[in-house]
Protein chains: 2
Amino acid sequence: MAEKLKIIPLGGLNEIGKNMTAYEYGGEIIVVDCGMAFPGDDMYGIDCVIPDVSYLIKNKSRIRGLFITHGHEDHIGAIPYVLKQINMPIYCTRFTAGLIKLKLEEHQLVKSTKLITVEAGKSVRAGKFTVEFIHVNHSIADSVAFAIHTKMGTIVHTGDFKIDSTPIDGEVIDLARLGELGKEGVLCLCADSTNVERPGFTPSEKVVGATFMRQFQNCDERIIVTTFASNVHRVQQVLDAAAQCGRKVAVTGRSMENMMKVSTELGYMKVPKNTLVDINKLKGLPKNKQVIVTTGSQGEEMSALYRMAFSTHKQVEIGAGDKVILSASAVPGNEVTVGRVINELFRKGATVVYDRADMLHVSGHACQEELKIIHALTKPRFFVPLHGEQRMLQIHCQLAQQMGMDRNHIAIADNGGVIEITGKSMKLSANSVPAGEVYVDGSGVGDVGAVVMRDRKRLAEDGMVVVVLPIATQDGALLSPPEIITRGFIYVKESGDLMKELQNVAMNAADSVTGSRKRGRDDGELRGAVKSAVSSYLFKNTKRSPMVIPVVTRL
Amino acid sequence: MAEKLKIIPLGGLNEIGKNMTAYEYGGEIIVVDCGMAFPGDDMYGIDCVIPDVSYLIKNKSRIRGLFITHGHEDHIGAIPYVLKQINMPIYCTRFTAGLIKLKLEEHQLVKSTKLITVEAGKSVRAGKFTVEFIHVNHSIADSVAFAIHTKMGTIVHTGDFKIDSTPIDGEVIDLARLGELGKEGVLCLCADSTNVERPGFTPSEKVVGATFMRQFQNCDERIIVTTFASNVHRVQQVLDAAAQCGRKVAVTGRSMENMMKVSTELGYMKVPKNTLVDINKLKGLPKNKQVIVTTGSQGEEMSALYRMAFSTHKQVEIGAGDKVILSASAVPGNEVTVGRVINELFRKGATVVYDRADMLHVSGHACQEELKIIHALTKPRFFVPLHGEQRMLQIHCQLAQQMGMDRNHIAIADNGGVIEITGKSMKLSANSVPAGEVYVDGSGVGDVGAVVMRDRKRLAEDGMVVVVLPIATQDGALLSPPEIITRGFIYVKESGDLMKELQNVAMNAADSVTGSRKRGRDDGELRGAVKSAVSSYLFKNTKRSPMVIPVVTRL
């Protein structure tokens, strides 16, 4: 049997989020990224979603390490949950390590975890793999792509990236190294597809700094800027613009404060002298000397900006004389919540600057022309589009074909699909590994399943009706009229008749069950009869289908 | 006391949808529009939302008529629900009447309702009001604005509109009449604010026809077009493009079929000869002779396009050789569902044309430059921005000020606010009338209140735990261990211990209630003790807060 290299995406395909990919060669495995996803609207009560890693658990003795491209939640968010089941060393750059450490501390995993920092440009051995860290540009500092070297050949895994010719940290993505790899021969390219629907180039992060300068200059108002906390370079540009305009800056919002702390401690943020002040001190200054940097760019209900807008923030009251700059675009699905906050800011009399057209935000992902450059430089034999919904994977596939790649050399997989590469061919194996969504809810991981979710949906939409039937153990006689309790359904006060009717319907249904001579009436039969009678009565009379829960109590 | 004209918006402010405005003068009332809104994500189980019309019910003897600007659901959707409480004559144009009639039939209201059609250009007397119908352009046929004439002066109520210089029906918005009214003197302008955030002009409907031609020509694929069913002119352009390219058209999806029927019967749609065929006949033709027009542009789960994408449509199977054109943009909040359908179409191998940049869709609402023209023509003394979220109302207010209007002559109201105009001044009254959201759920209108909604949210997020306590009526002794039933919560199978523990916790809590000597233990006290003990035990052990429902059964 020919030697095989396997690529197994465990998350990030047909979705945005929970990125995770396993590479398997010579009996050994390395894992790239370990992200979480935000729950969909139909995932009632779920805090976050993580990948199903049962394949990795089953094969944990063969795993040689977890490699992290960068510190966004959709690449590191599942680490604590997965580490509790699989102890593996984590390799990442210094800033990413700083963020992962916060998570490990929160979950008491610092001692048990080997966290190894690797500089961009360096390589690391992990069993039969040698993993080379290659600097890329992205909306968070210290992001890398990987060149995964094996005896069979080299895989380039881009992670999230863009090509920024004027990045804030001065370090342009290492195109030269990608070009060298292309000349040496790349077996397979696994690349980010997030922005493949967009033509052209993603603008440089620097253009947002120019916008800040325009907005800060000749402005008499207090300025409040919100953006993603993890976008260190964006915050850096706020600080720089403030310093240049003689304004002081205060930071508020837990994740923004955490991020500031980590990034300044590790040297990724350079705070201009005498610029940062406590928020209570800031208030003493004239309006045109104030800047507040805050969380809440997605309209999150508990965020600082939300609380400011709805007047529940302890230190900041918004009103006329404030200019709020939203330096972010709404993540798909968040449009409504973001809109709600903007409306409230307007209502308070603030000037709100939020239009995407104004270059208040740029993406961290490569558009079509950037992707083409990466394909052209790496000249891979095979290609696997990663990170994206189905349409993005398909369009990325089309883009590769336009550049001359054979369709047979491209694999569009599902999560859990096994892509097998021999030196000469690539195919999607007929066998897949378990993959899917594991729900994290409260302190529970994975114990909320499909049945529970279906019940929650039902309860949410129509509420529920409990029918308690006290039955004599002896002869199965009904000891008293059934008690009816409703929640999330019409209230007794408003419809007393319906409740009375339901009692009768339940009693009649119970009476209709005769049962066997031996044991009297069977609980299951009783429940079934009552449930069915009450449900159909309810639907007929209210056009609603609450969950009906018959409870038989034997006494 | 000076004579007053009152403007009372009952819906459409601080929201998109359920538009409704009352005008009151000389003791008489007319109502403009009667729309519904789609429920928000947090309105569990709600079918639609309608305005609170209790003010109108209280004053129904003073109402002289309901005037409808056009036939979109957010302007006519609440009619049947409101008519059941207030019998008033409805005045509207012929096409709008056709759509309202469908609703009246569905609700058995045809006989009891006076539905009067009025042509654009004509006027109608209603008590002390004379209402003039003025033709406007919009994304549905036969839309009008109203000039509401009273002895105190004239109010121009635009309704939804845009300025389309090349409309499909050939009738440009009646700018001349608006200009005349301006010269005669307009007391107050009440205008649509939906697109006020957008600079420039909304493109003409005709540009979409050009896109269709580009997409249909030299295309070997079967073409499937989806758009809003009510956009008669859009569908007309599909028919025209198909006819010009020698393709036949079949229509599928209930609302699209209904709309085709009404619009052809009333003469608002002109089907080119030999173009329309049954969908089963269409299938016999070569791919490049086929066009299907269908519903589902918002990714709605039961729509025809959704069923085609997910292979549950009876007649149409999507695959390679199909080109699907989405001639619509996602309504805010629908981005995710629309994305889901697009992904599935890609997965099936179809070509999908969905980019907004390609002029596949144009809005039906006026952008900034169009709004300015209306302000310039009508030259109103006072101005009330209608139809829009807070930010849109504020920006529309700024726009009017930029055109020289005094801020004191502009009123930004909330639903239920009462705007009082005397000849010389306008003010927002200190008293407002009831206004808000009435939920329609199943066959119930208004009987789902805030408590029910809160319960549903709780049930949705954490599920529920029922604890049944059978108690002896005599001495209040627990007759058997409490029964625990859960739904939407962790299942017994997965966590048998927790259930056992809960039984003990409930029993101990019940035992701790001693009660008075006279009556034994009180049910309320028992329920309280059990609820509190079980809830805190659950939160401590699972970090979840399911709804705990203690049921005391006395036997």
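Within any chain, residue numbers begin from 1 and follow the written order of that chain's sequence. Chains carry letters and ligands carry numbers; both start at the beginning, A for chains and 1 for ligands, and go up in the order they are written. Residues qualify for local features only when their pLDDT is at least 70, as the model is predicted, and side-chain atom pairs are given and counted only at 80 or more; totals for whole chains, interfaces and linings, by contrast, use all residues. Excluded from the side-chain calculation are hydrogens and water; included are all heavy atoms of the structure.

This paragraph deals with the overall build of chain A. Elements are defined by DSSP. Helices are runs of H or I of four residues or more, strands are runs of E of two residues or more, and each kind is numbered from the N terminus. The helix and strand tally for chain A stands at 16 helices and 25 strands. Each principal axis of the C-alpha atoms in chain A carries an extent, and together these give about 85 × 75 × 45 Å. Buried means the residue's accessible area, taken with a 1.4 Å probe over protein chains only, is under 20% of the maximum for its type, while exposed means over 50%, and partly exposed covers the values in between. Scored against the burial criterion, the 555 residues of chain A give a buried share of 59%. Here, residues are in contact when the closest pair of their heavy atoms is within 4.5 Å. Partitioning the intrachain contacts of chain A with sequence separation of at least 6 by distance along the chain shows that 72% fall at a separation of at least 24. Taken as two groups, the 66 positive and 61 negative side-chain charges of chain A have centres that lie 3 Å from each other. Positive charges are assigned to Lys and Arg, negative charges to Asp and Glu, while His and the chain termini are left out of the count. The atoms used to mark charge sites are NZ of Lys, CZ of Arg, CG of Asp and CD of Glu.

Further remarks concern the state of the cysteines. All names here are of chain A. Any pair of cysteine sulfurs within 2.5 Å is marked as a disulfide. Tallying each qualifying case throughout the model produces 0 disulfides over all chains. Of the cysteine sulfurs around C188, a residue in no disulfide, the closest is that of C190, at 4.1 Å. Accessibility expressed as a relative area gives 0% for C188, which makes it buried. You can see C219 has no disulfide; the closest cysteine sulfur is in C245, sitting 9.2 Å from it. Take C219: its relative accessible area is 9%, and that puts it in the buried class.

Time to look at the pairing of strand β4 (residues 48-51) of chain A. Residue and element names in this part refer to chain A. Alternating positions in β4 separate into two faces, C48 and I50 on one and V49 and P51 on the other, with burial throughout. Two strands form a pair only when DSSP identifies at least two bridges running between them. Where β4 and strand β21 (residues 437-441) come together, 4 bridges link them in antiparallel fashion. Paired with C48 across the strands is V440, a residue of β21.

The strands that make up a sheet pair up through hydrogen bonds in the backbone, lying either parallel or antiparallel. All names here are of chain B. Read from one edge of the open sheet, 6 strands run β8-β9-β10-β11-β12-β18, paired in mixed fashion. In the strand order of this sheet, the two ends are held by β8 (123-126) and β18 (382-386), each with one partner. With strand direction ignored, the average angle separating the axes of adjacent strands in the sheet is 20°. Bridge count between strand β12 (residues 188-192) and β18: 5 bridges; the pairing is parallel. Residue pairing across strands places L189 opposite F383, the latter belonging to β18. Angles shown run from 0 to 180 degrees and are taken between the N-to-C directions of axes, each axis being a line fitted to C-alpha atoms and, for helices, limited to the stretch in contact. Of the strands in this sheet, β11 (154-157), β12 and β18 are in contact with helix α12 (residues 368-378), which crosses β12 at around 165°.

Our next topic: helix α7 (residues 232-244) of chain B. Residues and elements named next belong to chain B. The length a helix should cover is 1.5 Å for every residue beyond the first. With 13 residues, α7 extends 18 Å between its outermost C-alpha atoms, agreeing within 8% with the 18 Å of an ideal straight helix rising 1.5 Å per residue. Across the 13 residues that make up α7, a large majority, 10, are buried. Within α7, burial applies to V232, H233, R234, V235, Q236, Q237, V238, L239, A241 and A242. In this structure, the buried residues of α7 make contact with α4 (94-106), α6 (206-216), β13 (222-226), β14 (248-252), α8 (254-265) and β15 (290-294). At the C-terminal side of α7, G246 shows a positive phi close to 70°.

Time to look at the packing of aromatic side chains. Each Phe, Tyr or Trp ring (for Trp, its six-membered ring) is paired with any other whose centre lies within 6.5 Å, and the angle between the two planes then decides the class: stacked below 30 degrees, edge-to-face above 60, tilted in between. If you walk through the whole model with that rule in mind, you get 18 aromatic pairs over all chains. When the ring of A:Y25 is compared with that of A:F129, the centres are 6.4 Å apart and the planes differ by 70°; the resulting orientation is edge-to-face. Taken as a pair, A:Y25 in strand β2 (residues 20-25) and A:F129 in strand β9 (residues 129-135) lie far apart in primary sequence, 104 residues in all. Among the residues examined, A:Y25 registers a relative accessible area of 3% and is labelled buried. Since its relative accessible area comes to 0%, A:F129 is described here as buried. Ring centres of B:F133 and B:F146 lie 4.8 Å apart, and the angle between their planes is 75°; this geometry places the pair in the edge-to-face category. Remark: B:F146 occurs in strand β10 (residues 144-149) and B:F133 occurs in strand β9 (residues 129-135); sequence separation between them is 13 residues. Accessibility classification places B:F133 together with B:F146 in one group, the buried group.

One copy of the chain maps onto the second through a rotation about an axis and a displacement along it. Least-squares superposition of the copies uses the C-alpha atoms of those residues scoring a pLDDT of at least 70 in each of them. Screw-axis analysis of chain B against chain A gives a translation of 0.0 Å along the axis, an RMSD of 0.0 Å, and a rotation angle of 180°. A rotation of that kind, with that shift, is consistent with a two-fold axis. Residue B:A460 of chain B places its C-alpha closer to the rotation axis than any other residue of that unit, at 2.4 Å. A share of 100% of the interface residues of chain B reappears at the interface of chain A, consistent with the copies meeting face to face through the same patch.

It is possible for side chains of opposite charge to pair when their charged atoms get near one another. All names here are of chain A. Salt bridge, as used here, is a side-chain nitrogen of Lys or Arg placed within 4 Å of a carboxyl oxygen of Asp or Glu. Scanning the entire structure with this criterion turns up 40 salt bridges over all chains. K4 is the partner of E420 in a salt bridge, and the nearest nitrogen-oxygen pair spans 3.5 Å. Taken together, the residues E420 in strand β19 (residues 419-421) and K4 in the segment before β1 (5-11) connect sequence positions 416 residues apart. K348 serves as the salt-bridge partner of E344, at 3.2 Å between the closest nitrogen and oxygen. Residues joined by salt bridges that share partners form a network here, namely E132, R177, E180 and E184.

Right, let's talk about the interface of chain B and chain A for a bit. You'll often see interface size given as the accessible area lost when the parts meet. If you look at the interface, chain B gives 62 residues, while chain A gives 62 residues. For any pair of parts, buried area is found by adding up, for both, the accessible area (1.4 Å probe) each one loses once the two are put together. Around 4900 Å² of area is buried between chain B and chain A when both sides are counted, 56% of it from carbon and sulfur atoms. Linking chain B to chain A there are 2 salt bridges. B:D414 is the salt-bridge partner of A:R347, the closest N and O atoms lying 3.3 Å from each other. Counted as a polar contact is a pair of N or O atoms within 3.5 Å, where, for protein atoms, one must be capable of donating a hydrogen and the other of accepting one, and residues adjacent in sequence contribute only when both atoms are in side chains. Here chain B and chain A share 20 residue pairs in polar contact (both at pLDDT 80 or more) between them. Among the elements of the structure, α11 (335-347), α13 (390-402), α14 (450-462), β23 (464-471), β24 (483-487), α16 (523-542) and β25 (547-554) of chain B are those that each provide at least two residues to the side of chain B that touches chain A. With 8 residues, the single largest contributor to the side of chain B that touches chain A is α14(B). Only Asp, Glu, Lys and Arg are considered charged in this grouping, and only Ala, Val, Leu, Ile, Met, Phe, Trp, Tyr, Cys and Pro are considered nonpolar; every other residue, Gly among them, is considered polar. Of the residues in the side of chain B that touches chain A, the class split is 26 nonpolar, 17 polar and 19 charged.

All names here are of chain A. As annotated in UniProt, the feature "binding site: Zn(2+)" (unreviewed entry) corresponds to H70, H72, D74, H75, H138, D160 and H387 in the numbering used here. Spanning 318 residues, the named residues nonetheless gather at one spot, since no C-alpha pair among them exceeds 14.4 Å. Residue placement: D74 occurs in helix α2 (residues 73-76). D74 has contacts with G17, K18, N19, G35, M36 and D160, leaving out every residue within four places of it along the chain. Inspection of the secondary structure puts H387 in the loop between β18 (380-386) and α13 (390-402). UniProt positions are given in the numbering used here, feature names are shortened, and annotations may be inferred rather than shown by experiment.

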